[in-house]
Amino acid sequence: MKICCGTDIIEIQRIKESIEDCRTGETFTQRVYTKKEIEYCESKKAQKYQHYAARFAAKEATFKALSDQLEDKYSITWKDIEIINNEQGRPELNIIGISLNNIEDIDLSISHCREYAVANVTLLRK
């Protein structure tokens, strides 16, 4: 077995600017986030950009944790990784549309404050 880890930190302002950019906002949001993620983040009203940024960081951390298992960086897309909250409110990671047979377990931790969002993904590989 092997433990793989990925960590990412992002400035919330960068995500806010990408989403609000009238030339690329919808394109950015639609390219990076799933429908469920958008619905969740939009429900957070004033704090929505913190939640968007946290999910962005989680996706980046996932790319890093999975990187040695992918043929190339184009083997996985933003929407192949979905961050949803379970019934207790804990974020969980779903890998959509690609097969990762040798992954035994994945753990995700995200956090955010006014300026930054950070995520850590740890996975256990057979």
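To start, this report covers the structure provided alongside it. (Residues numbered from 1 in each chain as written. Predicted model: local features only at pLDDT ≥ 70, side-chain atom pairs only at ≥ 80, totals over all residues. Heavy atoms only, no water.)

## A look at a negative patch on the surface
Phase 1: A cluster of acidic residues, Glu11, Glu17, Glu20 and Glu115, forms a negative patch on the protein surface.
Phase 2: Within the fold, Glu17 resides in helix 1 (residues 12–20). (Patch = residues over 30% accessible without salt bridge, like charges linked within 9 Å, V, L, I, M, F, W, Y side chains within 5 Å. Areas by Shrake-Rupley, 256 points an atom, 1.4 Å probe, with all protein chains shown as cover. Salt bridge = Lys/Arg side-chain N within 4 Å of Asp/Glu carboxyl O. Lys, Arg positive; Asp, Glu negative; His and termini not counted. Charge placed at Lys NZ, Arg CZ, Asp CG, Glu CD. Helix = DSSP H or I, 4+ residues; strand = E, 2+ residues; numbered from the N terminus.)

## Focus: the side chain of Arg125
Phase 1: Tracing the sequence through the fold places Arg125 in strand 5 (residues 116–125).
Phase 2: Since its relative accessible area comes to 15%, Arg125 is described here as buried.
Phase 3: Here the side chain of Arg125 touches Asp68 through a polar contact of 2.6 Å, side chain to side chain. (Buried < 20%, exposed > 50% of the residue type's maximum accessible area, 1.4 Å probe, protein only. Polar contact = N/O pair within 3.5 Å; in protein donor to acceptor, adjacent residues only side chain to side chain.)

## Considering the sheet that holds strand 4 (residues 103–112)
Phase 1: Taking strand neighbours across the sheet as the criterion, the 3 strands line up as 1-5-4 in an open arrangement whose pairing is antiparallel. Looking at the sheet topology across the chains shown, the edges are occupied by strand 1 (2–11) and strand 4. Here the average twist between neighbouring strands, direction ignored, is 10 degrees.
Phase 2: Bridging between strand 4 and strand 5 involves 9 bridges; their strand directions are antiparallel. Counterpart to Ser109 in the pairing with strand 5 is Asn120.
Phase 3: Relative to the sheet, helix 1 contacts strand 1, strand 4 and strand 5, its axis offset from that of strand 1 by approximately 70 degrees. (Pairing = 2+ DSSP bridges. Axes fitted to C-alpha atoms, helices over the stretch in contact; angles between N-to-C directions. Contact = heavy atoms within 4.5 Å.)

## Regarding the environment of Glu115
Phase 1: Tracing the backbone through its elements, the reader meets Glu115 in the loop between strand 4 and strand 5.
Phase 2: Along the sequence, Glu115 and Glu104 sit 11 residues apart, while their C-alpha atoms lie 34 Å from each other.
Phase 3: Excluding residues that lie within four positions of it along the chain, Glu115 makes contacts with Ile10, Glu11 and Ile12.

## A short note on the packing of helix 1 against helix 4 (residues 48–66)
Phase 1: Where helix 1 contacts helix 4, the axes come no closer than 9 Å and their chain directions differ by 105 degrees. The angle between helix 1 and helix 4 places the two elements in the roughly perpendicular class. Note on element contacts: helix 4 touches helix 1 through Tyr49, Gln50, Tyr52, Ala53 and Phe56, opposite Ile12, Ile15, Lys16, Ile19 and Glu20.
Phase 2: Here the residues of the contact of helix 1 with helix 4 are counted per class, giving 7 nonpolar, 1 polar and 2 charged. (Parallel < 35°, antiparallel > 145°, perpendicular 65-115°, else oblique. Nonpolar A, V, L, I, M, F, W, Y, C, P; charged D, E, K, R; others polar.)

## Here's the deal with the pattern of salt bridges
Here the idea is simple: oppositely charged side chains can pair when their charged atoms come close.
Phase 1: Using the criterion set out here, one finds 6 salt bridges in the structure.
Phase 2: Note that Lys2 and Asp68 form a salt bridge whose closest N and O atoms lie 3.3 Å from each other. Taken as a pair, Lys2 in strand 1 and Asp68 in the loop between helix 4 and strand 2 (81–85) lie far apart in primary sequence, 66 residues in all.
Phase 3: Under the relative-accessibility criterion, Lys2 is labelled partly exposed at 40%.
Phase 4: Glu37 is the salt-bridge partner of Lys59, the closest N and O atoms lying 3.0 Å from each other. Taken as a pair, Lys59 in helix 4 and Glu37 in helix 3 (residues 35–42) lie far apart in primary sequence, 22 residues in all.

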